[in-house]
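Single-letter residue listing:
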Amino acid sequence: MIGRMLLEPSKTWLTHFVSGWDQFWFAPRLPYVVCMLRIVTGLMLLYSQLVLATALTDFIGEYAWINNTLARQLHDGAFGTPDMARTYLWSIDNPLLIWMHHGITILITAAFAAGFMTRITAPTAWFLQLMYLHRLTGSLFGLDQIISYSAMYLMLTPCGSCFSVDAWLRKRLAERVEGDRKLRWLFPKIEPSVAANIGTRLLQFHLCVIYLFGGLSKARGELWWDGTAMWYAVANYEYQSWDMTWIGGYPRVFSALTHITLFWELFYCALVWPKLSRPIVIGIAIFVHVGIAFFLGMFTFGTMMIAANFVFWEPKWLWPSLRVEPETESTNEKTLSDVGLEEREKKLVEDKAKLKQRVETLKKRERKVRRAAKRLREKQGLDTQDFGKDDLNEESDLQS
């Protein structure tokens, strides 16, 4: 008895957990958010490539500050633990080939940002970025890491289905695209897809991991516990864009900002998921990264981190403001929970209609049986008058 009482709730909880896990990862999602993030990521990739072009041979080639031989040794174990990072740029010494390669990279990155042939340019742009990362060891910053992981997850999604050249081409070539399966894949519709949801979830989880380990790293230092970390950040002339040293006259202010930042970064991965605390967490993220962008001179990094935080926005929040209608007849802006609730309500209505139809059928059969019984009694010479009274009483009970 006790085992059955414990088994049923456990079984119900497990069923709900599996169903929720399945919905979390594999529910179709509209691509608006990943398409907007593609634009920001592509532009930041393009910016990085253009900045690199101003001193390309200083970073890549045999005569770079870190030459090809040394760059290879930083990964093959000559100076420590080997890793799996490999790039063909270690083998290119000719300056002309280096410039040709970089020109192609810029063109592909620009096409990715504009949303042109994104099914092809997205993975190609990510691959080329990865090759540069493995070559530029020792010259990388936070922006390089953020745009690289964003491009990696975006290439799994239909990030060119809207706000893109692909969307424009699909409308212009509508008849031809609909009749060709390959073109339908190359120019995806604006419709909910599992790929868009998986890419979104991976971006969300990766962002949580970044903040968690960033907070743990800060927690290892004394400055974040005694409240002076914010002061030392704004007083560092190496990163200072605006003179914020006046904040030194308000120790309670920079101490409070220090502790709020540490708490927010440590618990971002937990507080960003509930709908109640999510706006607060995202609001603090915007405040922090705006401060980094304007006061510490990291405008590109701050912009990219703000854009990355918007991956937690639901597509239905963006759709009405953007006034972009999906290319499907269904109400695609609904979330998975809404769709699941409507399906259950629809099934309940159908079951109720079937049950009502079954009851009506049983009533008809019962009337037939009673009429047959009445005829049988009359044939056997029973008192039909009393039977009629009983039959009327039964009919009234049946109707009630």
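Residues numbered from 1 in each chain as written. Predicted model: local features only at pLDDT ≥ 70, side-chain atom pairs only at ≥ 80, totals over all residues. Heavy atoms only, no water.

Undergrad: Looking at this structure, how should I read a positive patch on the surface?
TA: Together, Arg358, Lys364, Arg365, Lys368, Arg371, Arg375 and Lys379 give the surface a local cluster of positive charge. Along the chain, Lys364 falls in helix α18 (residues 336-379). Look at Lys364 and you get exposed, because its relative accessible area is 52%. (Patch = residues over 30% accessible without salt bridge, like charges linked within 9 Å, V, L, I, M, F, W, Y side chains within 5 Å. Areas by Shrake-Rupley, 256 points an atom, 1.4 Å probe, with all protein chains shown as cover. Salt bridge = Lys/Arg side-chain N within 4 Å of Asp/Glu carboxyl O. Lys, Arg positive; Asp, Glu negative; His and termini not counted. Charge placed at Lys NZ, Arg CZ, Asp CG, Glu CD. Helix = DSSP H or I, 4+ residues; strand = E, 2+ residues; numbered from the N terminus. Buried < 20%, exposed > 50% of the residue type's maximum accessible area, 1.4 Å probe, protein only.)

Undergrad: I tried to follow the nonpolar core on my own but got confused; where do I start?
TA: Across soluble globular proteins, nonpolar side chains have a tendency to be buried as a group. Leu207, Tyr268 and Phe312 are the most contacted members of the largest nonpolar core, which has 38 residues in total. Secondary structure elements with two or more residues in this core: α2 (32-53), α5 (95-114), α6 (118-135), α7 (142-154), α11 (194-219), α14 (251-271), α15 (278-295) and α16 (299-309). Counting residues per element, this core draws most heavily on α7, at seven residues. Among all residues touching Leu207, those that are not within four sequence positions of it are Tyr149, Tyr268, Met305, Ala308, Asn309 and Phe312. Formed by nine residues, the second largest nonpolar core is a distinct cluster that contains Leu56, Ile60, Ile92 and Leu136. (Core = buried A, V, L, I, M, F, W, Y, C linked by side-chain atoms within 4.5 Å. Contact = heavy atoms within 4.5 Å.)

Undergrad: Sorry if this is basic, but what is going on with the layout of surface pockets here?
TA: Empty pockets left among the atoms are what a rolling probe the size of a water molecule brings to light. In this structure, the largest pocket spans a volume of roughly 1000 Å³. Among the elements of the structure, α11, α12 (223-226), α13 (229-234), α14, α15 and α16 are those that each provide at least two residues to the lining of the largest pocket. Examining the composition of the lining of the largest pocket, we find that eight residues originate from one element, α15, more than from any other. Classifying every residue of the lining of the largest pocket gives 25 nonpolar, six polar and two charged. Approximately 670 Å³ is the volume attributed to the second largest pocket. Taken together, 21 residues make up the lining of the second largest pocket; nearest its centre are Ser48, Ser139, Phe141, Leu143 and Asp144. Those elements giving two or more residues to the lining of the second largest pocket turn out to be α2, α6, α7 and α16. Tallied by class, residues from the lining of the second largest pocket come to 13 nonpolar, seven polar and one charged. (1 Å grid on protein atoms, 1.4 Å probe; cavity = no way out; pocket = protein on both sides within 12 Å on 5 of 7 lines; lining within 4 Å. Points joined across faces, edges and corners; volume = space filled by probe spheres on them. Nonpolar A, V, L, I, M, F, W, Y, C, P; charged D, E, K, R; others polar.)

Undergrad: How should the packing of aromatic side chains be read in this particular structure?
TA: Centre-to-centre distance and the angle between the planes together describe a pair of aromatic rings. Throughout the structure, instances matching the rule amount to 21 aromatic pairs. Seen in terms of ring centroids, Phe263 and Phe267 are 4.8 Å apart; in terms of plane orientation they differ by 40°. Their pairing is tilted. Remark: Phe267 and Phe263 occur in helix α14; sequence separation between them is four residues, near one turn of the helix. A relative accessible area of 39% means that Phe267 is categorised as partly exposed. Among the aromatic residues, those joined into a ring-pair cluster are Phe17, Trp21, Phe24, Trp25, Phe205, Tyr211, Trp264, Tyr268, Trp273 and Phe312. If you follow Arg201 out to its NZ or CZ, it ends over the ring of Phe24, 3.9 Å from the centre. (Phe/Tyr/Trp six-rings, centres within 6.5 Å; stacked < 30°, edge-to-face > 60°. Lys NZ or Arg CZ within 6 Å of the ring centre and 35° of its normal.)

Undergrad: Even after reading the chapter, I still don't get empty space enclosed by the protein, so can you show me in this structure?
TA: In total, this model carries one cavity of 30 Å³ or more according to the counting rule given. The volume enclosed by the largest cavity comes to roughly 30 Å³. Lining the largest cavity, in full, are Thr118, Arg119, Ala122, Leu154, Met155, Thr157, Pro158, Cys159 and Gly160. The residue inventory of the lining of the largest cavity, partitioned by class, reads five nonpolar, three polar and one charged.

Undergrad: How do you make sense of the confidence of the model for the protein chain when you look at a structure like this?
TA: Detailed reading of predicted coordinates is not advised where the pLDDT is low. The predicted model of the protein chain averages 85 in pLDDT, with 86% of residues at 70 or higher. When mean pLDDT is compared element by element in the protein chain, α5 scores highest at 96, while helix α19 (residues 384-399) scores lowest at 49. (pLDDT = per-residue confidence, 0-100.)

Undergrad: Explain α11 to me, please; I cannot follow it from the model alone.
TA: Since one α-helical turn is 3.6 residues long, residues separated by three or four positions face the same way. An ideal rise of 1.5 Å per residue puts 38 Å on 26 residues; α11 measures up with 37 Å between its terminal C-alpha atoms. When we look at burial in α11, the residues that qualify are Ala196, Asn197, Gly199, Thr200, Arg201, Leu203, Gln204, Leu207, Cys208, Tyr211, Gly214 and Gly215. (Expected span 1.5 Å × (residues − 1).)

Undergrad: Mind showing me how you'd approach the side chain of Thr87 here?
TA: By the secondary structure assignment, Thr87 is in the loop between α4 (68-76) and α5. Polar side-chain contacts of Thr87 include one of 3.2 Å to the backbone nitrogen of Leu89. A polar contact is formed between the side chain of Thr87 and the backbone oxygen of Met131, at a distance of 3.1 Å. Sequence-distant contacts of Thr87, that is, excluding residues within four places in its chain, are made with Met131, His134 and Arg135. (Polar contact = N/O pair within 3.5 Å; in protein donor to acceptor, adjacent residues only side chain to side chain.)

Undergrad: What am I meant to see in the pattern of salt bridges here?
TA: When their charged atoms lie close together, side chains carrying opposite charge are able to pair. Applying the stated rule across the entire model yields three salt bridges. Here Glu366 ties to Arg370 by a salt bridge, and the two come within 3.1 Å at their closest N and O atoms. In this pair, Glu366 and Arg370 both sit in helix α18, four residues apart, roughly one turn of the helix.

Undergrad: Hey, could you run me through α16 in this one?
TA: Across the 11 residues of α16, eight count as buried, placing the element largely inside the fold. Those residues of α16 not exposed but buried are Thr300, Gly302, Met304, Met305, Ile306, Ala307, Ala308 and Asn309. Check the buried side of α16 and you find it contacts α2, α7, α11, α14 and α15.

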